[in-house]
Amino acid sequence: MSKIIRIGTRDSELALWQATTVQNKLEALGHDTTLVPLKSTGDQVLDKPLYELGITGIFTKTLDIALLKDQIDIAVHSMKDVPTQLPKGIVRAAVLDRAIAHDVLVHKGLDFLESGQVATIATGSLRRKAQWLHKYPNHKIVNLRGNVNTRLLKVIENDWQGAIFAQAGLERIKLLPKDVLVLDWMIPAPAQGAMMVVAKEEDITLAKVLAKLNHRETEIATSIERLFLRTLEGGCTAPIGALAQIMDQNVHFQGALFSLDGKQKIEVKKEIPLSKTEGFGEVCAQEVLNSGGDKLMQEIRNENSALH
Ligand SMILES: NCc1[nH]cc(CCC(=O)O)c1CC(=O)O
């Protein structure tokens, strides 16, 4: 192909790493490419928690517009930042092989976990906050925003006991401290650790090229997680975790909805053969909704609209 593929990306170090990974794969397949870094609204408004901004797709919108204006040919996203409903005219073109999906605690010593002291943990995520408070009800959560690099610096500057990050994000930019605590009990965000490439629906030739980057198992797992999220209508404003893991031709799913204060947890754990996953995320979400999730989602919506 003669046309240069213009790869749109946010300009954070993590986003650039991810876009470069896609770029290298395309170049290895013999395509010419160029990176087009753009600033997103989500990177510009840093003094408020994401959920207070009340906008879904805050990290992806700038790139969506650039795509639709034909300023770029594809965009590379952290899949967990991508709204479950893509804008009209934009399609998922590839899901890349997933890294570790879990969260980690970056800390300055873990004595506080044993001592029962009132610890302060930093995170800007409702999902992490609710799950941390569910496990440690007497701890305090403070808001932490910004790209991964700034957030790490703030942990050093402040007297918090720790802060929560996606392991994949820290690993990718080689900033994962050696002594992090892996939070294997915390259910990750739907599609955490996966990257997604989007393109214009009409771009058939490009779709064929990008299909070569697709990792089928990651696509299946993240589709289940995102269907679970979409069915609960959570967007990024409700504390929802979901993880589908494929083992021996079976999918093991774990998903949960929490109250904002972490006191309530409605969880579903289910297994299904890899060949029968169609609609599985919805079935899992229905189970949560039928077990009190319906009422809890309504409460969360009310609390959120009181915020805005
Ligand atoms: N919300 C920001 C964001 N989007 C994707 C990642 C990390 C990489 C990933 O989970 O795919 C991060 C940072 C974090 O959550 O610590």
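Conventions and cut-offs
- All chains use their own residue numbering, which begins from 1 and follows the written sequence.
- The model is predicted, so local features are restricted to residues of pLDDT at least 70 and side-chain atom pairs to those at 80 or more, both for listing and for counting; the totals for chains, interfaces and linings are taken over all residues.
- Side-chain numbers here rest on the full set of heavy atoms in the structure, without hydrogens or water.
- By the convention used here, strands pair only if DSSP detects at least 2 bridges between them.
- Numbered from the N terminus, helices here are DSSP runs of H or I no shorter than four residues, and strands are runs of E no shorter than two.
- For every element, the axis is a line fit to its C-alpha atoms; helices are fit only across the contacting stretch, and the angle between N-to-C directions ranges from 0 to 180 degrees.
- We call two residues contacting when some pair of their heavy atoms lies within 4.5 Å.
- We call a set of buried Ala, Val, Leu, Ile, Met, Phe, Trp, Tyr and Cys residues a nonpolar core when their side-chain atoms join them within 4.5 Å.
- Working definition: with a 1.4 Å probe on protein chains only, accessible area under 20% of the residue-type maximum means buried, over 50% means exposed, and in between means partly exposed.
- In a helix, the anticipated span is given by 1.5 Å times the number of residues less one.
- Bend is the name given here to the angle between axes fitted to two runs of seven residues, the run ending at a residue and the run starting at it.
- Neighbouring residues are identified by heavy atoms, a residue being near a molecule or strand if any of them is within 4 Å of it.
- Counting of polar contacts relies on pairs of N or O atoms within 3.5 Å, with two restrictions inside protein: one atom must be capable of donating a hydrogen and the other of accepting it, and residues adjacent in sequence are counted only when both atoms are side-chain atoms.
- The protein chains shown are the only cover counted for residues, whose accessible areas, like all others here, come from Shrake-Rupley with a 1.4 Å probe.
- Domain start and end points were adopted from an automatic or database domain assignment.
- A positive count includes Lys and Arg, and a negative count includes Asp and Glu. His and the chain ends are not counted in either.
- Note on definitions: salt bridges are taken to be side-chain nitrogens of Lys or Arg within 4 Å of carboxyl oxygens of Asp or Glu.

(A) Quick peek at the sheet that holds strand E3 (residues 74-78). In space, the five strands of this open sheet follow the order E2-E1-E3-E10-E4, with mixed pairing throughout. One side of each edge strand has no neighbouring strand; the edge strands of this open sheet are strand E2 (33-38) and strand E4 (90-95). Taken pair by pair, the neighbouring strands of this sheet meet at an average axis angle of 30°, ignoring direction. By the bridge criterion, two bridges tie strand E1 (residues 5-10) to E3 in an arrangement that is parallel. Looking at E3, one finds that Gly8 is bridged to Ala75. Taken strand by strand, helix H9 (residues 204-211) contacts E1, E3, E4 and strand E10 (195-200), and its axis lies near 25° from that of E4.

(B) View of the nonpolar core. Core analysis: the biggest nonpolar cluster contains 27 residues, and Ile224, Phe228, Leu232, Ile240, Phe253, Leu257 and Val288 have the highest contact counts within it. Put simply, the parts of the chain that give this core at least two residues each are helix H10 (216-232), strand E11 (240-247), strand E12 (250-258), strand E13 (265-273) and helix H11 (280-307). Ranked by residue count, the leading element in this core is H11, at eight residues. Formed by 17 residues, the second largest nonpolar core is a distinct cluster that contains Ile74, Leu96, Val197 and Ala199.

(C) Just H11, in detail. Relative to the 40 Å expected for 28 residues at 1.5 Å per residue, H11 spans just 33 Å between its end C-alpha atoms, considerably shorter than the ideal helical length. Where H11 bends most, at Gly292, the angle is about 80°. Phe280, Gly281, Cys284, Ala285, Val288, Leu289, Gly293, Leu296, Met297, Ile300 and Asn304 are the residues of H11 that are buried. For H11, the elements touching its buried residues are H10, E11, E12 and E13.

(D) Quick peek at the site of the ligand. The immediate surroundings of the ligand are formed by 14 residues, with Lys80, Asp81, Arg128, Ala166 and Gly193 found nearest. Taking Lys80, its side chain carries an N or O atom lying 2.6 Å from an oxygen atom of the ligand. Gly193 has a polar backbone atom sitting 2.9 Å from an oxygen atom of the ligand. Its free accessible area being 390 Å², the ligand has 91% of it covered by the protein chains.

(E) View of the domain arrangement of the chain. As far as domains go, the chain holds domain 1 (5-96 + 195-214), domain 2 (103-183) and domain 3 (229-307). Computed from C-alpha atoms alone, the centre-to-centre distance between domain 1 and domain 3 is 26 Å.

(F) Inspection of the side chain of Ser78 at higher detail. Positionally, Ser78 belongs in strand E3. When its relative accessible area of 17% is taken as the criterion, Ser78 is described as buried. If near-sequence neighbours (up to four positions away) are discounted, Ser78 is found in contact with Leu14, Gln18 and Ala194.

(G) How the structure looks around the side chain of Arg226. Along the polypeptide, Arg226 turns up in helix H10. Put simply, Arg226 is tucked away with no salt bridge, and the nearest opposite charge, on Glu225, sits 8.0 Å away. Within the structure, the side chain of Arg226 is placed 3.5 Å from the backbone oxygen of Met79, a separation counted as a polar contact. Of note is the side chain of Arg226, whose polar atom sits 3.0 Å from the backbone oxygen of Pro83. Other than its neighbours up to four places away in sequence, Arg226 contacts Met79, Val82, Pro83, Thr84, Pro190, Ala191 and Met196.

(H) Looking closely at helix H1 (residues 13-28). An ideal rise of 1.5 Å per residue puts 22 Å on 16 residues; H1 measures up with 22 Å between its terminal C-alpha atoms. Those residues of H1 not exposed but buried are Leu14, Ala15, Gln18, Ala19, Thr21, Val22, Gln23 and Leu26. Phi turns positive one or two residues past the end of H1, at Gly30, with a value near 95°.

(I) View of unusual backbone geometry. At Ala191, a residue that is not glycine, the phi angle is positive and equals roughly 70°. Mapped onto the elements, Ala191 comes out in the loop between strand E9 (181-183) and E10. Given a relative accessible area of 0%, Ala191 falls into the buried group. Non-glycine residue Gln249 carries a positive phi angle of around 65°. Mapping Gln249 onto the fold places it in the loop between E11 and E12.

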